[in-house]
Structure formats: C-alpha cells, structure tokens
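Listed below, chain by chain, are the residues.
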Amino acid sequence: MRPSIAVLIFLASLFSRTTHATDWGSNWSVSGFGTFGAAGTDSNALGFHRDRFEQQDVTRGWGITTDSRLGVQIDTDITQRLHATVQFVARDHVGNFWEQNLEWAFLRWMPSDTLSIRLGRVGADVFVLSDYRNVGFTYPWMRPPHEFYGALPIYHLDGIDLSQKFNFQNNLLTAKLFVGHTDTQMPADPVPASEITPASTASVITIDAPSIGANLVYETSNWRLRLGYAFMHLLKGIDTQPLADILTNPLTNIFIPNIGSVAPHLAIQNTDLHYYSLGAHYDDGDWLAQTEASYTNTQTVFFPDTFNSYVSLGRRFAKVTAYALYGIAYSFDHPVSIPEPVIDNPLVHQLHQFVDTTINHNGIHEQSVSLGLRWDVLPKVALKTQWTHYWFGTNGTRLWQTPANTQLPDETNLWSVGVDFIF
Amino acid sequence: MKNLIFGLCLLLIPLSLSAEIVVIGNLNSPVNNLSKREVQDIFLGRTRALPNGNFVLPLDLVELRSNFYLLLTNRPIEQIDAYWARIMFSGQNTPPINLPDEQAMLKTIAENTGAIGYMDKRKINEKLVRVLLILE
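Note that the structure is a prediction, hence the values are computed from the model and not measured. Each chain carries its own residue numbering, running from 1 in the written order of its sequence. Chains carry letters from A onward and ligands carry numbers from 1 onward, assigned in written order. Reporting of local features is limited, given that this is a predicted model, to residues whose pLDDT is at least 70; pairs of side-chain atoms are given and counted only at 80 or more, and all residues count toward the totals for whole chains, interfaces and linings. Values shown for side chains rest on all heavy atoms present in the structure; no hydrogens or waters enter the calculation.

1. Notes on the overall build of chain A
Thought 1: We count a stretch as a helix when DSSP gives it H or I for four or more residues in a row; a strand needs E for two or more, and each element gets its number in order from the N terminus. Of the regular secondary structure elements, chain A holds 6 helices and 16 strands.
Thought 2: The buried label goes to any residue with under 20% of its type's maximum accessible area, the exposed label to any with over 50%, and the partly exposed label to all in between, with areas taken from a 1.4 Å probe on protein chains only. A total of 423 residues make up chain A; the buried ones form 55% of that total.
Thought 3: The accessible surface values rely on the Shrake-Rupley method and a 1.4 Å probe; as for residues, cover is taken only from the protein chains in view. With an accessible surface of roughly 17,700 Å², chain A has 64% of that area assigned to carbon and sulfur atoms.

Below, the structure written as structure tokens:
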C-alpha cells in the first residue's frame, strides 16, 4: 500500500503536466548529484560502512560502495502553488533496490508564502543533515559524521509534513511537524546465525515503524540553530520469536537452567524510540562550524540508549576548505547476566554465546578525529580527501561490520578520497 | 594578511565586476524598487512573494551569475551553488531559472509581471523593464 502511494505520486507528477513550455522555458527540471568515493581502513576485522543499511563494507582492501551514489531529481510546477518532486538515489542498500532508494516522491502545496505542506514520501527530518545526507556537495566532509549519522538509517517517511515560516527582524524561524511511516530495510546482522535459529534465515530485516516529529530552525545570515524531537514506534523489527521459543523450551532449560528468564529481553516489537536533538551551524564565508548533540531513548537491547555528538570547524582559503571533525557515540548499556550451561556440549555453549552476543553486544562506544580537505576544483565539482582515526570502547563497534569470534582492534584508521558533483 | 588574500582574490575576478549590475522587473508590476535585503530573500528562496504579495519569478543570467551573487551576498558562486543544492535536494524550493542571454532576460521580464532578473546596467532597455535596485 505505502510504496504504491509513492508510485502514484510519481506517476501523477509525470502525467499531470505535459511538457507545457512557457516563454521562459519548461516547467520541468531534471537535476542531480553524485559522489564517487573510495575508502579503506588498516583493519581486516572491522568493516566500515557509513549507513547501517549498506550491504558492503570497506576494510583494508578498500572499496567504493560506502560513499559512492548517484541521485536524480525531477521537479515540476503543476500550478504556482502546487509542485511535485521525485528523487531517486542509486546507492548500496540491502533489500528492494528500487523501492528503498526512491528517496522522495511528494506533492508540495504552498497555500501561502510562509506555509508549505508536503504529502507523499518526504524526508525524515530528524537532524540537521537528515534531508541532504546524500548530497556531498553541500557539506565539507567526505560523509556525514559517522558517530552521529551512522546510527540513523532512516532517510524518508511515507506521510505528510507541514512547515510554517515566521519572520523576525530579517531572521527566519521555521517550525515543522511531520508524521508518517517508515519501512527501512537493514541487514539482519548480528541476529541470524541460522544454524541456531533456523526459522529466521532472512538476511534482511525491515524497520516497520510509524513516526512523528517536530523541529524548530532559526536562521540568521550566518547562523542556523535547530531543536528537534522525533518519536518512532517499532511495529516490526528483528524476528526474535524463534530464538525466544528455543530459550523457553523446557529441554533448553535443562541444559542451561533458567535461560528462559532472558527471553523477554529479546523484545523489539512494539517498543518506542525517542530522539532529542540540538544543533548549530555557522558559516560566515571564511569560517564554518557545526555541532550537534542527540540523545536516543529506547526500550530495546538492539538499539540501546545512546548519546551522539560531533563538533566540526573549517576554514576556507579561496576554493580550498580545510576542516577538523571530532565525533562521539556512547551507548548506555545495561548488561543482562546470561545463565551458564550445566553440561559441556559445544552446541549448548554456542547457544549460550549467541544469546549473550545478541543481548549484550549492541553497544556503541566510538570516538573519532578527522582531518580533511575540500577543493572546489570546477564549478559544481568538489574533490575531497579525509583521514579519520577511530577509537572504540569494549563492546563498542556496533556501527561497524564485524565478523563473529574475532579479536577486534580498539583503534583503526580510515582514509577516503572522492569527488562530489551536482548537475 | 586578510586584506592581502582578499586583494589577490579580487585580481582573479574578471574586470567585468567593475560594471554595475541592476536588478530589474516588469513595467506593469506595482513594485517600484526593492531593498538589497528583499532581493537577497528572493534570490536565496527565502520568500516566494514580492512585497505586494504577488508571486515572484526570479531569473538568473548565466554569464553574470557569479558577479551578481558576489555583489548581493558577498559569497563566491560555489557557496551559493552548495546552498541551493541543500535547499533543492531536500525538496524545499527550486532555484531561479537560468537564462542564457540578455535578450531572453528582457523578453521574459516583459512578459511576466512577477519576474525579477538582473543585467549589466549598460545593456538594459528602460522601455521594456524597470530598474528596482542598483548593485555596486
């Protein structure tokens, strides 16, 4: 049902306005953006990906999938007050390539100069960069700060948003409300381990969640300040029932007494997530600075309560921008003690370890420092390079892809080069 | 030091910058002049209406674009492009329409009451368009 709304709006925008050209040109516009980037680390164990929905990671062997993408946007004015936008972004995404990567497909109605209402597939405008994370040309870094944006794989909602602008002595205050539903697909790691939970062999999970949120943005000529809140209710997530069934099975409880008591910790269905965020952006033409902080409050061990933040400072020298970035993500873990097995059997030990990993190893303890350069080499083309050094705490690599049963390093470097363009 | 860098940057900008750029509108529009702030709001997409409430149709002139935005906002064109990429690809608004030459500019403004554009002061025809602001 929901994808079909997006498709309907896409078709409506295609056919509602045949190429009716006025004297100043067509009402249609096709534009786009892209990044071609390569990145590599100095670790074989830790795989970097910038979003949790990406299928591929990059390690010592380098790779181009994590940052490379190509977006195309079609805009059309149906009337002076009614506008349609469709955007598709080709990028590495598990699940349904066409449906998941259809980023926007909405009708925008502006009943007045200050009020805008959008209906269809719209941006999940949770943080400062939420709506333009894909467009590398709009920011100095190689990619949005990993500690902050790496944890939030939701880009769009099927629903409605409403934004109202207010003018205050030449400054602009925008209040926005959104309500919708997301169906974001993610790799099932680390839960599948199909040898233990035979029923859940699917490698893709769907975050199926209604969401509602609001934000306030205050803009002066150099400053942009932002305050936001978002709420998500997870209707469906990881299917943990097969594992819970194994844990509550009387036979299992003979081998591992009382293991059934941890089954409730596997709950993810019908849990709530709350995002609270604060952000500030400064750009006077020479200096640019940006910072954000957020707190995520949850009810599931799979996404523990987390504090995320970053601070960035940059300086432009004509067409070259040099910048430094510090990021931190810290989850507040509440370890659950898993009863020990009473028999010495490899399969039972494996189950015990799997339950422990599933419940207790979702922590995010990550900090990083980056240094980088952006060079606006041609109009609408920027070259970038960035070095990042990451530090991890114990049980802190949840934003990375990690092989099972491997000793993980507590530091790693990531090098990246890329080109961003718009057209 | 800052002045020296700025001076060096100025040397790199073509001499055409010294020409005055005028912001122009339709003769039948009730708007007789605009402040620099109002022109900024229109060309940065912060408003879609003229001070009298009518819809505005902002127009860019390809060859003068860099100079115009530098005079209007004091920012180089790559920063303006990055700004518009953010606004546009987040689906908030669409940038001004790009016109290829002065003839297209004069014609479009003469035919659309809400059109606002700009041009080299020496090339305007005051029988067709009205000067709303002089940028120096």
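2. Things to note about empty space enclosed by the protein
To find the voids left in a structure, one rolls a probe of water-molecule size over its atoms.
All names here are of chain A.
Thought 1: Only protein atoms enter the 1 Å grid used here, on which a cavity is any set of points holding a 1.4 Å probe that cannot leave and a pocket is any open set flanked by protein within 12 Å on both sides along at least five of seven lines; residues with an atom within 4 Å of a point are listed as lining. Grid points are joined across faces, edges and corners, and a volume is the space filled by probe spheres set on the points. All told, the structure shown has 8 cavities of 30 Å³ or more when counted by the stated rule.
Thought 2: Empty space within the largest cavity amounts to approximately 240 Å³.
Thought 3: Considering the residues around the largest cavity, the lining is formed by 24 residues, among which R52, A151, Y275, T296 and F303 are closest to the centre.
Thought 4: With 3 residues, the top contributor of residues to the lining of the largest cavity is strand β11 (residues 287-298).

3. Things to note about the packing of aromatic side chains
Thought 1: Only centres within 6.5 Å qualify two rings of Phe, Tyr or Trp (six-membered ring in Trp) as a pair; their planes then separate them into stacked at under 30 degrees, edge-to-face at over 60, and tilted for everything else. As enumerated under the stated definition, the model contains 29 aromatic pairs over all chains in all.
Thought 2: Taken together, a centroid distance of 5.1 Å and an interplanar angle of 65° make the contact between F48(A) and W400(A) edge-to-face. Linking F48(A) in the loop between β1 (28-41) and β2 (69-77) with W400(A) in the loop between β15 (381-397) and β16 (411-422), this pair joins segments that are 352 residues apart in sequence.
Thought 3: A relative accessible area of 0% places F48(A) in the buried class.
Thought 4: For the ring pair F43(B) and Y69(B), a centre distance of 6.4 Å and an interplane angle of 75° mean the geometry is edge-to-face. Here the residue F43(B) occupies a position in helix α2 (residues 36-43), and Y69(B) occupies one in helix α3 (residues 65-73), the gap between them amounting to 26 residues. We note that F43(B), like Y69(B), is buried.
Thought 5: One aromatic cluster is present, formed by F127(A), Y139(A), W141(A), F148(A), Y149(A), Y275(A) and Y310(A) through successive ring pairs.
Thought 6: The criterion for a charge sitting over a ring is simple: Lys NZ or Arg CZ within 6 Å of the ring centre, and within 35 degrees of the ring normal. Here the basic side chain of R91(A) rests over the ring of Y155(A), its NZ or CZ set 4.8 Å away from the ring centre.

4. Here's the deal with the sheet that holds strand β4 (residues 115-120) of chain B
Residues and elements named next belong to chain B.
Thought 1: Strand order across the open sheet formed by 5 strands is β3-β2-β4-β1-β5, with mixed pairing between neighbours. A strand with exactly one partner marks an edge of an open sheet, and here the two such strands are β3 (97-99) and β5 (129-135). Strand-to-strand twist in this sheet, taken as the mean axis angle between neighbours without regard to direction, amounts to 30°.
Thought 2: Residue contacts follow a heavy-atom distance rule, with two residues in contact if any of their heavy atoms lie within 4.5 Å. Simply put, an axis is a line fit to the C-alpha atoms, just over the touching stretch for a helix, and the angle between two N-to-C directions goes from 0 to 180 degrees. Where α2 meets the sheet, it contacts β1 (21-26), β2 (57-61), β4 and β5, and its direction lies at approximately 90° from that of β2.
Thought 3: Where α3 meets the sheet, its contacts fall on β1, β2, β3, β4 and β5, and the angle it forms with β1 comes to roughly 95°. Here, any two strands with at least 2 DSSP bridges between them count as paired.

5. A closer look at the confidence of the model for chain A
Thought 1: pLDDT measures how confident the predictor is about each residue, on a scale from 0 to 100. The share of residues in chain A with pLDDT of 70 or more is 91%, and the mean pLDDT across the chain is 88.
Thought 2: Scored below 50 in pLDDT, residues 191-201 of chain A shows 23 contacts in the model against residues more than four places distant or in partner chains.

6. Considerations on the side chain of N215(A)
Residue and element names in this part refer to chain A.
Thought 1: The residue N215 is located in strand β8 (residues 204-219) in this model.
Thought 2: Residue classification places N215 among the buried residues on the basis of a relative accessible area of 5%.
Thought 3: Within polar-contact distance, the side chain of N215 engages the backbone oxygen of D125 at 3.0 Å.
Thought 4: With residues up to four places along the chain from it excluded, the contact list for N215 reads D125, T174, A175, K176, F178, R226, L227 and G228. Polar contact is the term for a pair of N or O atoms within 3.5 Å; when the atoms are in protein, one must be able to donate a hydrogen and the other to accept it, and sequence-neighboring residues count only if both atoms are side-chain atoms.

7. Description of the packing of α3(B) against helix α4 (residues 77-89) of chain B
Residues and elements named next belong to chain B.
Thought 1: Orientation of α3 relative to α4, taken along the N-to-C sense of each, is 85°, at an axis distance of 9 Å. The angle between the axes of α3 and α4 places the two elements in the roughly perpendicular class. The residues of α4 that touch α3, namely those facing R65, S66, Y69 and T73, are I77, I80 and D81. Any angle from 65 to 115 degrees is called roughly perpendicular, while one under 35 is roughly parallel, one over 145 is roughly antiparallel, and all others are oblique.

8. A few points about the interface of chain B and chain A
Thought 1: With 29 residues of chain B at the interface, the matching set in chain A holds 40 residues.
Thought 2: In short, buried area is how much 1.4 Å probe accessible area vanishes from two parts on joining, totalled over both. Buried surface at the junction of chain B and chain A, both sides included, amounts to about 3,000 Å², of which 52% is carbon and sulfur.
Thought 3: Definition used for salt bridges: Asp or Glu carboxyl oxygen within 4 Å of a side-chain nitrogen of Lys or Arg. Taken together, the connections running from chain B to chain A amount to 2 salt bridges.
Thought 4: For E78(B), the salt bridge goes to K319(A), with nearest N and O atoms at 3.0 Å.
Thought 5: For the pair chain B and chain A, the number of links is 16 residue pairs in polar contact (both at pLDDT 80 or more).

9. Re the environment of T271(A)
All names here are of chain A.
Thought 1: Topologically, T271 is positioned in strand β10 (residues 271-283).
Thought 2: For T271, a relative accessible area of 5% puts it in the buried group.
Thought 3: In this view, T271 contacts M232, H233, L234, Q299 and T300; residues no more than four positions away in its chain are not counted.
Thought 4: For T271, the side chain forms a polar contact with the main-chain oxygen of I268, separated by 2.8 Å.

10. Here's the deal with the environment of F317(A)
Thought 1: You can see F317(A) is positioned in strand β12 (residues 306-317).
Thought 2: The spacing of F317(A) and G285(A) is 32 residues in sequence and 10.0 Å in space, taken between C-alpha atoms.

11. Thoughts on α3(B)
For an α-helix the count is 3.6 residues per turn, leaving residues at separations of three or four pointing the same way.
Residue and element names in this part refer to chain B.
Thought 1: In terms of burial, α3 is largely enclosed, as 7 of its 9 residues are buried.
Thought 2: What α3 keeps buried is the set R65, N67, F68, Y69, L71, L72 and T73.
Thought 3: N74 occupies a position one or two residues after α3 and carries a positive phi of about 65°.

12. Overview of helix α5 (residues 102-111) of chain B
Residue and element names in this part refer to chain B.
Thought 1: Listed in full, the buried residues belonging to α5 are E102, A104, M105, L106, T108 and I109.
Thought 2: As for α5, its buried residues are in contact with β1, β2, β3, β4 and β5.
Thought 3: Structurally, the start of α5 carries an N-cap: the backbone nitrogen of Q103 is 3.3 Å from a side-chain oxygen of D101.

13. Considerations on the environment of Q79(B)
Thought 1: As for its position among the elements, Q79(B) is in helix α4.
Thought 2: Its relative accessible area of 13% is what places Q79(B) among the buried residues.
Thought 3: Spatially, the C-alpha atom of Q79(B) lies 9.8 Å from that of Y69(B), the residues being 10 residues apart in sequence.
Thought 4: Once you skip the residues sitting within four places of it in the chain, Q79(B) turns out to touch D283(A), G285(A) and R316(A).

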